[in-house]
Amino acid sequence: MEGALTARDRVGVQDLVLLEAHTSETALLDNLRKRFHENLIYTYIGTLLVSLNPYKELDTYSKKHMDTYMGVNFFELPPHIYALADNVFRTMLSEFNNHFILISGESGAGKTETSKKVLQYYAVSCPNTSLLDNVRDRLLLSNPVLEAFGNAKTLKNDNSSRFGKYMDIQFDHQGGAVGGHILSYLLEKSRVVHQNHGERNFHIFYQLVAGGDDELLRWLGLERNCQNYSYLVQGDCAKVTSINDKSNWKIVRSALSIIEFSEKDVEQLFAIIASVLHLGNVKFATDALGYAVLKNVPELHWLSTLLGIPSQVLQQGLTHKKIEAKMEEVYSPFAVDHALYARDALAKAIYGRTFNWLVNKVNESLANKDSSRKTVIGLLDIYGFEVFHVNSFEQFCINYCNEKLQQLFIQLTLKSEQEEYQMEGIEWEPVPYFNNKIICDLVEEKHRGIISVLDEECLRPGEATDLTFLEKLEEKMGGHPHFVTHKLADQKTRKTMQRGDFRLLHYAGEVTYCVVGFLDKNNDLLYRNVKEVMRQSKNTIIKHCFPYTEPDSKKRPETVVTQFKGSLAGLTDVLMSKEPWYVRCIKPNDGRFDDVLVRHQVKYLGLMEHLRVRRAGFAYRRKYDIFLARYKPLCPSTWPKWKGSASEGVLCLVKHLGYKPNEYKMGRTKIFIRHPKTLFATEDAFELCKHDLATRIQAKYKGYRAKGDYLKQREAATKIENCWRGMMARKERDKRAWAVKVIKRFIKGFMMRNQPACSDNTEYLAFVRQNYLTRLKGNLPKTLLDKNSWPTPPPIMQEVRGTLPFYLRFYYTSMVLRNSLLVVEDSQIYAEDALTSSMFKGKKENYPFSVCQPFQDTRISTFFEKLVVMIHNSTCIQGDLILQCDYLFEALTKLSHIGNKESCIKVVQGSVRFDIQPGREGFIDFKSGQESMIYRSKNGHLMVVQYFFFYLGKK
């Protein structure tokens, strides 16, 4: 957390306790606004987490983020629900005690999503086994099931929880989730039969109609159209674009099977849901006597089929009331309005009891079979403070619940603060705060509170109405500073109230309640004969919900508000036995920060009271080792390593920083800093120090890396040198060993040179021969017949001395004889070659290229035939004769040899003049080129490239 203090001007502080103006609600709002605009939706107030609903998906809930927060100090990373969940989990494991997380806020603030995130974190962070994975899956999938049956669309939220939920997650000593248990509070059963405009019934009804397959709907007698069911269209918004009922149906259907609901249980559960829809379509008419009779028999048929109750019994239960007079039982017919009341009461009772059965069934699936002691983390996702345009009985109960939780919150917060101060040996300073006990007493005080008056009106004989209840309140509450009615109010206040309203000044502000419906909703009566009808059902869930063992005395059952008061007292006892953690959810207003709306929520969530309690003495506290580890670079004595105890190091540090005595206190394990500005100054100094530290650390690190690289290179060079030297030494050793062997063989051969050839002297003798022949090459005699000029051979070659000249003479004699045997024809060709050489060598450029082609008589026969034809053709002898020939040198040599005119051949370089006809001459220019061609040049001469011509004149 301290690391983000430098950016506090832009994104605010991460802990509101560090606000300098901690008593200013405006400063708190400004800090929340800054963080919200930077998508930083979480803020601390000590260990309390404030969460703003961003109304969009953020990328801060991935597996990677879970791993980041796992096992990390609470204030080490930015505020997050994962940080709180991890801190609760690690504290539970280390201290082996029970904890709970209270998640509160108004509808649409994100309470349900927050509880999901906590469950998902524990599902990932806890140890995994096949058994634990099974429990984890059930814990996770219990959410969509309970949301389907207990959540609905309201004006403020498309997935509003219409019941309070407390879930215990049980862990073993290793931190594995081994079980769970769920408690539900005050399901809003009235929603089953009535919804305000813009709201819907519970999700499961729409999911069944939209997602159930055709066969299931036929079996249930339903149509795929919500408009056909009276209980689904009162809010006039059966279809909502932001809700995918069909997809959610698949999730719920899959979750039920994983939570171990049998197929029979699932069929009977959906039969009950369908029966509620059919029950809502039951209509009544008035007979001749003014009593109610059923109008639509088909709906009664489906009710009978789905619930397994005879039609006649159902009809009587819906249109008659059973009255016991002495020993007789009389059935009194209903009027239409009473029949409608009985129908709606039955629908609410069926759904409410089925919901309780569903919660118990989920608990059976989550039950831990191991009886050994387990630690528990509780999750309380409960409705927040509600203020609507018209507030009724449900809002009264919900706000009473929030008053009790606020009272508990203040008590536990003050208690924890006092305990921490006492534990650290710091003197406790009294904290001024608003104690809402006066409001709680106004609601729940025995015989005098609003609940007592309401129950009294519901249970007393006579005609009790909502207005008589209001009159009783005015009698008993008149003069109370937190209670006012239209009658008791001053002239200005009366203008804002109706005659049937009363107003309570809650800790969160004023709320005006309309008393209409208070008595009926509090009674929630179900006629005894209707219960008897339901007990005849063949549906096992209905039988379980309406047992024969249920007390059926004439004594009226407890009212709804009394039951809720009792369950709330039980919840308070449960929470008081555990260590508390808090999450306050705030609804900014659909993606934008509405100051008025947020200010209202900050007020009724008690954030200012909590902040005052946390800032009563000291704004900041940290353990000595954590504080010293962060700020020790600021003091030369503590940097880089303090050798004494952490408390002594902190004391040395704060003295060096110049803390005044009234700015801090040293506890047993923590340092307490009174003012945020002291911490901010320390953090700013640390921020400046970090640059110098970073430079020094970089220099050290670069030196360390350079030294490491040098050592590695030196080690590598040494290894290479060692390998190279070893290899060269081995080569030298092998060479020397070979030389020794050669020398030994040479010496041994020399010693045995005069002996017959054997393996020991063979190599030496071969060397002697080779050496002699090498010398002989340069010292041969001048004539073959000179026998005395030959070099003296070694003894081993004495036998060769007389035979070598003979062999040489024989060789030369054979060569002469072979040359003398050449045929006459070849001799003639050689003579012509010699003649050609004398005529053209050194005169014609391409003569050297013709030497490699021996002369052949047959090759120029065609040329002579052409020549004869041209000479005898008189038309061709008008000028000089020009001929072309492929074998030029061979043809000219032959012509000159035949005519014995070798001197007539002239090789002309560059150009030739010739007579085309008498009196007319021409020129031919010659040159070498890349490609052979003939063409007329610009000067009128005939240009020949790489073509060989000879010129024979007329003579």
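Residues numbered from 1 in each chain as written. Predicted model: local features only at pLDDT ≥ 70, side-chain atom pairs only at ≥ 80, totals over all residues. Heavy atoms only, no water.

1. Re the environment of Tyr-421
One can find Tyr-421 in helix α14 (residues 393–424). What makes Tyr-421 buried here is its relative accessible area of 1%. Put simply, Tyr-421 and Arg-668 are 247 residues apart on the chain and 9.9 Å apart in space, counted from C-alpha to C-alpha. (Helix = DSSP H or I, 4+ residues; strand = E, 2+ residues; numbered from the N terminus. Buried < 20%, exposed > 50% of the residue type's maximum accessible area, 1.4 Å probe, protein only.)

2. Some points on the sheet that holds strand β2 (residues 48–52)
The strand order β1-β2-β16-β3-β12-β6-β7 describes an open sheet built from seven strands, whose pairing is mixed. The outermost strands of the open sheet, each flanked by one partner alone, are β1 (42–45) and β7 (177–185). Each adjacent strand pair in this sheet contributes to an overall mean axis angle of 20°, direction not counted. As judged from the four bridges shared by β1 and β2, these two strands associate in the antiparallel manner. Across the sheet, Ile-45 pairs through a bridge with Leu-48, a residue of β2. (Pairing = 2+ DSSP bridges. Axes fitted to C-alpha atoms, helices over the stretch in contact; angles between N-to-C directions.)

3. With respect to the side chain of Arg-621
Within the secondary structure, Arg-621 sits in strand β17 (residues 620–623). Given a relative accessible area of 7%, Arg-621 falls into the buried group. Reaching out from Arg-621, the side chain makes a polar contact with the side chain of Glu-420 at a distance of 3.0 Å. Setting aside residues no more than four positions away along its own chain, Arg-621 makes contact with Glu-417, Glu-420, Tyr-421, Arg-614, Ile-671 and Phe-672. (Polar contact = N/O pair within 3.5 Å; in protein donor to acceptor, adjacent residues only side chain to side chain. Contact = heavy atoms within 4.5 Å.)

4. Quick look at the nonpolar core
Counting residues in hydrophobic clusters, the biggest one holds 204 residues, and the most contacted among them are Ile-101, Tyr-122, Phe-396 and Phe-502. For this core, the element with the most residues is helix α13 (residues 336–366), which contributes 14 residues. In terms of nonpolar packing, the next biggest core, distinct from the first, is built from seven residues, Phe-840, Leu-888, Phe-889 and Leu-892 among them. (Core = buried A, V, L, I, M, F, W, Y, C linked by side-chain atoms within 4.5 Å.)

5. Section: the UniProt feature "binding site: ATP" (unreviewed entry) in the protein chain
The feature "binding site: ATP" (unreviewed entry), as given by UniProt, occupies Gly-105, Glu-106, Ser-107, Gly-108, Ala-109, Gly-110, Lys-111 and Thr-112 in the numbering adopted here. When you line up the elements, Ala-109 lands in the loop between β3 (99–104) and α5 (111–125). If we skip the residues at most four places from it in the chain, Ala-109 touches Asn-53, Cys-585, Ile-586 and Lys-587. Residue position: Thr-112 is located in helix α5. Discounting residues that sit within four places of it in the chain, Thr-112 has contacts with Glu-147, Asn-151, Ser-161 and Asp-381. (UniProt positions renumbered as here; feature names shortened; annotations may be inferred.)

6. What about the packing of aromatic side chains?
Tallying each qualifying case throughout the model produces 30 aromatic pairs. A centroid spacing of 6.4 Å and a plane angle of 75° characterise the contact between Phe-396 and Phe-502, whose relative ring orientation is edge-to-face. Note that Phe-396 is positioned in helix α14 and Phe-502 in strand β14 (residues 501–506), a separation of 106 residues in sequence. As far as the burial class goes, Phe-396 and Phe-502 line up, both buried. Seen in terms of ring centroids, Phe-746 and Tyr-764 are 5.0 Å apart; in terms of plane orientation they differ by 75°. Their pairing is edge-to-face. Taken together, the residues span a long stretch of sequence, with Phe-746 in helix α27 (residues 676–751) and Tyr-764 in helix α28 (residues 762–777) at a distance of 18 residues. (Phe/Tyr/Trp six-rings, centres within 6.5 Å; stacked < 30°, edge-to-face > 60°.)

7. As for the pattern of salt bridges
Across all of its chains, the model carries 40 salt bridges by this definition. A salt bridge links Glu-263 to Arg-253, with the nearest nitrogen and oxygen atoms 3.2 Å apart. You can see Glu-263 sitting in helix α10 (residues 263–280) and its partner Arg-253 sitting in helix α9 (residues 245–258), a full 10 residues away along the chain. Taken together, the shared-partner salt bridges in this structure form one network comprising Arg-162, Glu-188, Arg-191, Glu-199 and Glu-386. (Salt bridge = Lys/Arg side-chain N within 4 Å of Asp/Glu carboxyl O.)

8. Let's talk about the sheet that holds strand β22 (residues 920–927)
Two strands in a sheet stick together by hydrogen bonds in their backbones, pointing the same way (parallel) or opposite ways (antiparallel). Strands sit in the order β21-β22-β24-β23 across an open sheet of four strands; the sheet is mixed. A strand with exactly one partner marks an edge of an open sheet, and here the two such strands are β21 (911–917) and β23 (933–936). Averaged over all pairs of adjacent strands, the angle between their axes in this sheet comes to 25°, without regard to strand direction. Where β21 meets β22, six bridges bridge the pair, whose relative direction is antiparallel. Looking at β22, one finds that Val-912 is bridged to Ile-924.

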